[in-house]
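# Secondary and tertiary structure notes
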Amino acid sequence: MYFIALALGIFTLSAAGSAVPLNSFLFGSILGDMVEQVTGDIVSVTTIVGPDSDAHTYKPNVSDSRSVTEADVIFVNGIGFEIWFEPLIQASGTKAKVYIATESIVPLKIDGETDPHAWNALPNGIIYIRNITQAMTKADPMNAEINKGNALRYISKLKDLHDRTTADLITLPNKRRTVVTAHDAFGYFANSYALRFLAPLGIDTSAEPST
């Protein structure tokens, strides 16, 4: 199954159409993968908050601020995921354009809290890709057609995966549709495939275990 953990992506772009690969600084490892799927080798991807780190509780450092200052394009997940990104951007003084990867996605509420983990539903993942592609088209118009072609191929794969996941999971009986996980991050996934997730921790990993 396809699970996406997206935080903040910072991209330093050379002049549009340059043969020199674009440099990117990423807070989310899966965002890095998505950008690579769209741009191929046009963007050189570096992940700052990797798969073994927690973007919820991450504390930016001086090097991160410098990367933001040099950025031309910034992606954020939005809907309350990166509570620390606005102070970082303001402190850096960057002039970069900020794009919200969850634009047009309707946020899910769990126990009165907004769930920011929208990427865990494959249809939402397709929206992420479209938003990334639109942003990169504006940032790097000379490579827009390449990016769009890559995005279409990737979206086709995500649609196929969604169809196969739906077909596989619909066969599960009701008594086998409950999943226990440490972190309550799969509400969108649960809604997409009629599953039930139980977690000792809430939406934020810094939350205390619930009853």
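Residues numbered from 1 in each chain as written. Predicted model: local features only at pLDDT ≥ 70, side-chain atom pairs only at ≥ 80, totals over all residues. Heavy atoms only, no water.

### Here we look at the confidence of the model for the protein
Detailed conclusions should not be drawn from predicted coordinates in areas where pLDDT is low. The share of residues in the protein with pLDDT of 70 or more is 73%, and the mean pLDDT across the chain is 78. Within the protein, no element has a lower average pLDDT than strand S2 (residues 22-26), which sits at 48, and none a higher one than helix H5 (residues 144-169), at 96. Note on residues 23-27: pLDDT under 50 across the span, and 39 contacts to partners over four residues away in sequence or across chains. (pLDDT = per-residue confidence, 0-100. Helix = DSSP H or I, 4+ residues; strand = E, 2+ residues; numbered from the N terminus. Contact = heavy atoms within 4.5 Å.)

### Comments concerning the packing of helix H2 (residues 62-70) against helix H3 (residues 85-92)
Two elements in contact, H2 and H3, have axes whose closest approach is 8 Å; the angle formed by their N-to-C orientations is 65 degrees. In this view, H2 runs roughly perpendicular relative to H3, as classed from their interaxial angle. In this structure, H2 crosses over H3, and the sense of that crossing is right-handed. Between H2 and H3, the contacting residues are Asp64, Ser65, Val68 and Thr69 on the first element and Leu88, Ile89 and Ser92 on the second. For the contact of H2 with H3, the residue count by class is three nonpolar, three polar and one charged. (Axes fitted to C-alpha atoms, helices over the stretch in contact; angles between N-to-C directions. Parallel < 35°, antiparallel > 145°, perpendicular 65-115°, else oblique. Left-handed = near helix turned anticlockwise from the far one by under 90°. Nonpolar A, V, L, I, M, F, W, Y, C, P; charged D, E, K, R; others polar.)

### Side note on the nonpolar core
Counting 37 residues, the largest nonpolar core has Phe75, Tyr128, Ile129, Ile132 and Phe189 as the members making the most contacts within it. When residues of this core are traced back to their parent elements, those giving at least two are helix H1 (29-39), strand S4 (73-76), strand S6 (108-110), helix H4 (122-139), H5 and helix H6 (187-193). A per-element tally of this core places H4 first, with seven residues. Setting aside residues up to four positions removed in sequence, Ile129 forms contacts with Met34, Val38, Ala151, Tyr154, Ile155 and Leu158. (Core = buried A, V, L, I, M, F, W, Y, C linked by side-chain atoms within 4.5 Å. Buried < 20%, exposed > 50% of the residue type's maximum accessible area, 1.4 Å probe, protein only.)

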